[in-house]
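Residues per chain, in single letters:
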Amino acid sequence: MSRPTLRWTIPALLALQLVMLWIQGAQLHRQGQVLQALREDIQLLTESIENSQAPASYEDDGAAVPASFLPKQAPPRKSAAVLGVQEEQEAASKDLQASRESAQKAVKDAREAQSKLSLEENARKAEEGKKVQAATTAWQRWVYGALALLALALVARAVIQRRG
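Report follows, based on the coordinates. (Residues numbered from 1 in each chain as written. Predicted model: local features only at pLDDT ≥ 70, side-chain atom pairs only at ≥ 80, totals over all residues. Heavy atoms only, no water.)

1. Side note on the overall build of the chain
Phase 1 of the analysis: Check the secondary structure of the chain and you find three helices and zero strands.
Phase 2 of the analysis: For the chain, the sequential pattern of α-helices and β-strands runs α-α-α.
Phase 3 of the analysis: Here the chain, with 164 residues, has 4% of them falling under the buried criterion.
Phase 4 of the analysis: Looking at the chain as shown, the accessible area adds up to about 14,500 Å², and 62% of this sits on carbon and sulfur atoms. (Helix = DSSP H or I, 4+ residues; strand = E, 2+ residues; numbered from the N terminus. Buried < 20%, exposed > 50% of the residue type's maximum accessible area, 1.4 Å probe, protein only. Areas by Shrake-Rupley, 256 points an atom, 1.4 Å probe, with all protein chains shown as cover.)

So this is what it looks like as structure tokens:
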């Protein structure tokens, strides 16, 4: 090789290496962002699983305790019941049952709303990921095209110098 060829070849190769390192850094940065987003998604899923495994009502708490540890219930007393007291007890039991049903319905509605929000959030994240991927692909094409033109120009220059 002649001296003028080396004068331009080495800086061109160093510039090419610098460009390749910059591209690699951009790709690593993008991969880091994707990994962080996946980590956040996993944390959200873990939290939602933990929340869904929590007892939904007070009835579930009694079922989790073995029967041998439950307090012994006294047998019902046989006594003359006053008509007003019995009606109050029936009304209280109906109110209690209605509040339990209301609480169960509220929990069910909350879970449905949470699942809808989760689906919408996942759809939004997927759409955002597609946009980022499209933008990344667009600038990568320009970079690869520029690198191809640079390589072609260097080869053409070397051929012209050899002839001349």
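2. Some points on the pattern of salt bridges
Phase 1 of the analysis: For the structure shown, the criterion picks out three salt bridges.
Phase 2 of the analysis: In this structure, Glu128 and Arg124 form a salt bridge, with 3.0 Å as the shortest nitrogen-oxygen distance. Residue Glu128 and its partner Arg124 are located together in helix 3 (residues 83-163), separated by four residues, close to a single helical turn.
Phase 3 of the analysis: Look at the salt bridges and you will find they share partners, linking Glu121, Arg124 and Glu128 into a network. (Salt bridge = Lys/Arg side-chain N within 4 Å of Asp/Glu carboxyl O.)

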